[in-house]
Amino acid sequence: MPKKLSRKGLINKLDRIFSEYIRKKNADKKGFVTCITSQKKYHYSEVDAGHFISRKEMSTRWHEDNVWPQSRFDNRFRYGRQYVYSLSLEKKKQGLPKHLYNLSKETVKYSISDLEEMVEKYKNLLEKENKRLHL
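A brief look at the structure comes next. Every chain begins its residue count from 1, and numbering advances along the sequence as written. Predicted model: local features are reported for residues with pLDDT of at least 70 only, side-chain atom pairs are reported and counted for 80 or more only, and whole-chain, interface and lining totals are derived from all residues. Remark: hydrogens and water are excluded; side-chain values derive from all non-hydrogen atoms of the structure.

**Some points on the packing of helix α1 (residues 7-25) against helix α6 (residues 112-132)**
Inference 1: It is at 9 Å that the axes of α1 and α6 come closest, and there the two elements cross at 25°. In terms of their interaxial angle, α1 and α6 are classed as roughly parallel. For α1 against α6, the interelement crossing comes out left-handed. For the pair formed by α1 and α6, the contact residues are R7, L10, I11, K13, L14, I17, F18, E20, Y21, K24 and K25 on the first element and I112, L115, E116, M118, V119, Y122, K123, L125, L126, E129, N130 and R132 on the second.
Inference 2: Ten residue types, Ala, Val, Leu, Ile, Met, Phe, Trp, Tyr, Cys and Pro, are classed as nonpolar, four, Asp, Glu, Lys and Arg, as charged, and the remainder, Gly among them, as polar. Of the residues belonging to the contact of α1 with α6, the class tally is 13 nonpolar, one polar and nine charged. Axis geometry follows a simple rule: fit a line to the C-alpha atoms, using only the stretch in contact for helices, then measure angles between N-to-C directions, giving values from 0 to 180 degrees. Only runs of H or I of at least four residues qualify as helices and only runs of E of at least two qualify as strands under DSSP, and these elements are numbered from the N terminus. Angle categories: roughly parallel below 35 degrees, roughly antiparallel above 145, roughly perpendicular from 65 to 115, and oblique for all the rest. By convention the crossing between two helices is left-handed if the near helix lies anticlockwise of the far one by an angle smaller than a right angle, and right-handed if it lies clockwise. Any two residues whose heavy atoms approach within 4.5 Å are treated as being in contact.

**What about the nonpolar core?**
Inference 1: Side-chain atoms within 4.5 Å are what join buried Ala, Val, Leu, Ile, Met, Phe, Trp, Tyr and Cys residues into a set we call a nonpolar core. Each residue is placed in one exposure class: buried if its accessible area under a 1.4 Å probe, protein chains only, is under 20% of its type's maximum, exposed if it is over 50%, and partly exposed if it falls in between. Counting 17 residues, the largest nonpolar core has L14, W62 and L115 as the members making the most contacts within it.
Inference 2: Put simply, the parts of the chain that give this core at least two residues each are α1 and α6.
Inference 3: Looking at this core element by element, the count peaks at seven residues for α1.
Inference 4: Counting residues in hydrophobic clusters, the runner-up holds eight residues, among them I36, F52, I53 and L100.

Purely geometric numbers; function is a separate question.
As structure tokens, then:
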């Protein structure tokens, strides 16, 4: 029987699975995504899953509207280009940046079972994306 993961271990596992899911979910059939901030095309394996609201806010950390494919340069060296990111989100859905900001102010503490459920959910969704992309 495999050893149970700690809370931190589950969070790390969920981060990895969720990131891969977000990047593949937004990919075309050839595996290319558009960066949320630069609008340039990249292969999903060459981008980050960039967060609009920082990952430290647990209420939005795994919220699919908060995380989009983003060039590594914009995400890591340009601090996520927050303002441009907000404009892109507003184009996707009016009021989305404000909604995510308000949601980020809620206190959320996920239980071990919550985290395990999310790991399973995103594992299953990732499998579907892998099939869609023929991986």
